[in-house]
Amino acid sequence: MPNETITDLDQLIKRVRSYNPDADVGLVCRAYEFSAKAHEGQIRRSGEPYLQHPLAVAGVLTSLRSDVPAIVAGLLHDTLEDTLATPDVLEREFGQDIARLVDGVTKIGKIQFRSYEEKQAENFRKMVLSMADDIRVILIKLADRLHNMRTLDHLHGVKRQQIAQETLEIYAPLANRLGIGWLKNELEDLCLKYLKPDVYAALKLRVTKRDEERQLYINEVIKLVRQALTESGLKGEVQGRPKHLYGIYQKMERQAISFEEVYDLTAIRIITDTKMNCYALLGLIHSLWRPVPGRFKDYIAIPKSNLYQSLHTTVVGPKGEHVEFQIRTEEMHRIAEYGIAAHWKYKEQGQVADKDGKTFSWLRQFVEWHQDLTDNRQFMDSVKLDLFHDVVYVFTPKGMVKEMPLGATPVDFAYAIHTEIGDHCVGAKVNGKIVPLKHQLASGDMVEILTSPAQVPHKDWLKFVRTPRAKTKIKHWLKVEEQKRSVEIGRRLLEREFRRHELPPAQLFKSGRLLEVARESGFETTDEMAAAVGYGRLSTAQVISRLLPARSEGGQAPVSAEPKSPRPPVGKPEEKGVKVKGGRDLLMQLSRCCNPVPGDRIMGYITRGRGLTIHSVGCPNLDALDYDKERLVEVEWDQTDAGTHPVKVSVLAVDKTGMLANVSSAISECEANISRAEITTREDRKAVLDFVVEIADTQHLSRVLTAIEGVEGVITARRIRAWQERA
């Protein structure tokens, strides 16, 4: 079973031989002995010998039916970081293939990073790029993360939260994109357990209780289906499949419903022998019970990008209850459980074979789209966006199918075809009708892109495009154009200043003296210096102060060659609670679109004439601006500031007497002041309670949200930003 943890070598060998009788178990034994010796004396936080961790990781890899080199690398995966072993020793003992796998998984422990986020990004970058060479790297890393999540109880609160959040944002979606269903489900449930322990405990209790009540009903439905199968002569194995807790929680959040309103907690799966029989069984189920409109999906005709194939349908079953059915073949079921691990065949060094390589083209694109991003923050944001999306399938005019993320627009589609088409996209026809560029595509749409040589990318496109490729291409074009524009503005400002000091602009720009001044100021060329002037990062006075001493022999009083620090602009004082790294004097203001609070990762953006605007990292408006790195300024929260910040919190709850008072009381008990409260009732007997709450930092906010969610009748409680209200 996938959720069984391997605890000794005999269990591991038995599991390997169960699916690979000819496996080189001697190599596995040697790796176990090497790992045992290397980790001798090391103890995990749980108090157990450290060797139990690599052994458990190797065990998870056997659940994925991995080959011997991957299992050996799983046993050795921490030896480079946590022991005296070196890559040369591993290569000598186990060969180049295994040494390279271990190196691909190894964390970057010796490099000093400025923040946890930077270390996270750099570590994940190394892993993603390793996928291009060997897909087994990511499988070992997923196995490593699963066992760490299974033993997360032994870490302290902050570290536990960091690991769980990272797992939910990166590793669970990655397991999903690789098609490993059971691994994705277990990771998500464990994340819910540690990120929202109260929600997890309540859901687990309710699901267990309700499962007991529904089991008789499910057994009745299964009995009727088996009887119909016998009468029709169709082959099929019928089994119940309980939904995982995080899936139920997501459904409650997405549809804004209470637990009692979630009907399809259990799905029924039918596994048959042929694709044709899948459709025959679908017809049989629909002949027994009326299908629910809009709840049928054919993932056999159009598989998901992770190769998942099944027919999904929901019917109104006995007693009027909704029942979900999944119908697939045995091969489809194997791929649904093991994903890429079940499908690819090794040729060399764990690369996907040519036949399967075409099927997993998204994996190659995934690596290609992200390897050129040099900024760690942009890299992580782009990766998360690419991993999280649900998909739609749209068609080119020639009938080719393109997979796009949910919410993708014609601009995303244009860039998916070719960069030139994206850059010059002026409009689109969807199903023969002209639509706006921000129109969201739906599955089955036929899309035709209209282009014009005069059209160029616009920064507003960044507010609605969804694919990392489109974002990267638009930002690159804007960055080049912004650089040109800043050089022009800078040259005009310098020319005006030169004339004011009776200096010949044309001769100066051609002279070597101005180039010397540029290099003295830290720039390689005069254009780079002009761009800095255009951006507002360098003043014309600083350039003149270095230039004028050369004329002192002519009788003009020399001006100090050292540039003076620019004066802080007149206006508001520095925003309370924020510091600029490097101590520069700049006018500052917190952005109203994302309303950052202490604890949020923040970044400053220089706006001409308005100083520095502080945004939360991840704010769509900052994302639309960060193509221009010259204007980004690193900032941090001033830990000595003990003020409070207003945050809007929206609560969805059952509409009943006393709800406002109960929620307000929960907020007050967390020592948070309510400065405004509004309540709106909906037709579906739900109430929306909007509060503006004064909080100290994100940890304080987390306590407030947890307290609100603990109030009986509350469905969801979340923080709202201004850009979310406008969306």
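1. Overview of the overall build of the chain
Consideration 1: Of regular secondary structure, the chain possesses 30 helices and 21 strands.
Consideration 2: Counting only contacts in the chain whose residues sit at least 6 apart along the sequence, the fraction spanning at least 24 positions is 65%.
Consideration 3: For the chain, the accessible area works out to roughly 35,800 Å², and carbon and sulfur atoms hold 50% of it.

2. Thoughts on the sheet that holds strand β11 (residues 447-451)
Consideration 1: Here we have 3 strands laid out as an open sheet, ordered β10-β9-β11, and antiparallel in their pairing. Bordering the open sheet on either side are β10 (433-435) and β11, each of which pairs with just one other strand. Shown here is a sheet whose adjacent strand axes are inclined to one another by a mean of 35 degrees, direction ignored.
Consideration 2: The pairing of strand β9 (residues 425-430) with β11 spans 5 bridges and is antiparallel. Along β11, the bridge assignment pairs K429 with E448.

3. Side note on the nonpolar core
Consideration 1: Within the largest apolar cluster, 74 residues are counted, with the highest numbers of intra-cluster contacts made by L12, V72, L76, F94, M149 and L203.
Consideration 2: Once residues within four sequence positions are removed from consideration, L76 is found in contact with A31, F34, S35, L90, F94, I98 and V102.
Consideration 3: The next biggest cluster of nonpolar side chains, apart from the first, holds 24 residues, and it includes V411, L462, V465 and I474.

4. Observations regarding unusual backbone geometry
Consideration 1: Although it is not a glycine, K319 sits at a positive phi angle of roughly 65 degrees.
Consideration 2: Checked against the element boundaries, K319 lands in the loop between β5 (311-316) and β6 (322-329).
Consideration 3: Judged by its relative accessible area of 69%, K319 falls in the exposed class.
Consideration 4: At E671, a residue that is not glycine, the phi angle is positive and equals roughly 60 degrees.
Consideration 5: Here E671 shows up in the loop between α28 (659-669) and β19 (673-681).

5. Focus on the sheet that holds strand β21 (residues 714-720)
Hydrogen bonding along the main chain pairs the strands of a sheet, whether they run parallel or antiparallel.
Consideration 1: Within the open sheet, the 4 strands sit side by side as β19-β20-β18-β21. Their pairing is antiparallel. Looking at strand neighbours, the two that pair on one side only are β19 and β21, the edges of this open sheet. The sheet shows a mean angle of 20 degrees between the axes of neighbouring strands, taken without regard to direction.
Consideration 2: Examined bridge by bridge, β19 and strand β20 (residues 686-695) share 8 bridges and lie antiparallel to one another. Within the sheet, the bridge partner assigned to R676 lies in β20 and is V692.
Consideration 3: Sheet strands touched by α28: β18 (645-654), β19, β20 and β21. Its angle to β20, the strand with the most contacts, is close to 25 degrees.

6. Topic: the pairing of β5
Consideration 1: Of all 6 residues in β5, 6 are buried, a share of seventy percent or more.
Consideration 2: The two faces of β5 match: L311, T313 and V315 on one face and H312, T314 and V316 on the other face are all buried.
Consideration 3: Sheet topology note: the strand β3 (residues 290-291)/β5 ladder contains 2 bridges and is antiparallel. Pairing of R290 across the sheet is with V316, part of β5.
Consideration 4: Bridge analysis of β5 against β6 gives 6 bridges, and the strand direction is antiparallel. Within β6, the position partnered with T313 by the bridge is F325.
Consideration 5: Joining the antiparallel neighbours β5 and β6 is a turn of 5 residues, in which K319 adopts a positive phi near 65 degrees.

7. Remarks on the packing of aromatic side chains
Consideration 1: For the structure on display, the rule yields 4 aromatic pairs.
Consideration 2: Ring centres of Y246 and Y249 lie 6.0 Å apart, and the angle between their planes is 45 degrees; on these two criteria the pair is classed as tilted. With Y246 and Y249 both in helix α13 (residues 245-255), this residue pair falls 3 residues apart, about one helical turn. Taken individually, Y246 and Y249 each receive the classification buried, so the pair is uniform in this respect.

8. What to know about the environment of L515
Consideration 1: Within the element layout of this structure, L515 appears in helix α24 (residues 512-520).
Consideration 2: When its relative accessible area of 27% is taken as the criterion, L515 is described as partly exposed.
Consideration 3: Sequence-wise, L515 and T526 are 11 residues apart; in three dimensions their C-alpha atoms are separated by 5.5 Å.
Consideration 4: Those residues in contact with L515 that lie beyond four places of it in its chain are E524, T525 and T526.

9. Considering the confidence of the model for the chain
Consideration 1: On average, the chain scores 79 in pLDDT, and the residues at 70 or more come to 80%.
Consideration 2: Looking across the chain, the model is least confident in helix α17 (residues 354-359), with a mean pLDDT of 46, and most confident in helix α14 (residues 275-288), with 94.
Consideration 3: Across residues 344-356, confidence stays below pLDDT 50; counting only partners more than four residues off in sequence or on other chains, it has 26 contacts.

10. Examining helix α22 (residues 468-500)
Consideration 1: Relative to the 48 Å expected for 33 residues at 1.5 Å per residue, α22 spans 47 Å between its end C-alpha atoms, a close match to the ideal helical length.
Consideration 2: Two residues or fewer past α22, E502 is found with a positive phi of approximately 60 degrees.

11. A look at the pattern of salt bridges
It is possible for side chains bearing opposite charge to pair when their charged atoms get close.
Consideration 1: Under the definition given, this model contains 19 salt bridges.
Consideration 2: We note a salt bridge from E48 to R44, for which the minimum N-O separation is 3.9 Å.
Consideration 3: Between E331 and R334 there is a salt bridge whose closest N-O contact spans 3.0 Å. Residue E331 and its partner R334 are both found in helix α15 (residues 330-338); the two are separated by 3 residues, about one turn of the helix.
Consideration 4: Residue classification places E331 among the partly exposed residues on the basis of a relative accessible area of 40%.
Consideration 5: Several salt bridges share partner residues, and in doing so they unite D67, D97, R100 and R136 into one network.

12. Points about the pairing of β18
Consideration 1: Taking burial as the measure, the 10 residues of β18 include 8 buried ones, the bulk of the element.
Consideration 2: Sheet analysis places β18 next to β20, joined by 10 bridges and oriented antiparallel. Residue pairing for β20: A653 is matched across the bridge by A687.
Consideration 3: With 6 bridges connecting them, β18 and β21 associate as antiparallel partners. Pairing of L652 across the sheet is with T716, part of β21.

13. What about the packing of helix α2 (residues 25-38) against helix α6 (residues 87-94)?
Packed helices, taken two at a time, are described by the angle between their axes plus the distance between the axes.
Consideration 1: One can describe the packing of α2 onto α6 by two numbers: an axis separation of 11 Å at closest approach and a directional angle of 150 degrees. The pairing of α2 with α6 is recorded here as roughly antiparallel in orientation. The crossing of α2 and α6 is right-handed. Here α2 contributes L27, R30, A31 and F34 to the contact with α6, which in turn contributes V89, L90, E93 and F94.

Thresholds, definitions, all that
Residues numbered from 1 in each chain as written. Predicted model: local features only at pLDDT ≥ 70, side-chain atom pairs only at ≥ 80, totals over all residues. Heavy atoms only, no water. Helix = DSSP H or I, 4+ residues; strand = E, 2+ residues; numbered from the N terminus. Contact = heavy atoms within 4.5 Å. Areas by Shrake-Rupley, 256 points an atom, 1.4 Å probe, with all protein chains shown as cover. Pairing = 2+ DSSP bridges. Axes fitted to C-alpha atoms, helices over the stretch in contact; angles between N-to-C directions. Core = buried A, V, L, I, M, F, W, Y, C linked by side-chain atoms within 4.5 Å. Buried < 20%, exposed > 50% of the residue type's maximum accessible area, 1.4 Å probe, protein only. Phe/Tyr/Trp six-rings, centres within 6.5 Å; stacked < 30°, edge-to-face > 60°. pLDDT = per-residue confidence, 0-100. Expected span 1.5 Å × (residues − 1). Salt bridge = Lys/Arg side-chain N within 4 Å of Asp/Glu carboxyl O. Parallel < 35°, antiparallel > 145°, perpendicular 65-115°, else oblique. Left-handed = near helix turned anticlockwise from the far one by under 90°.

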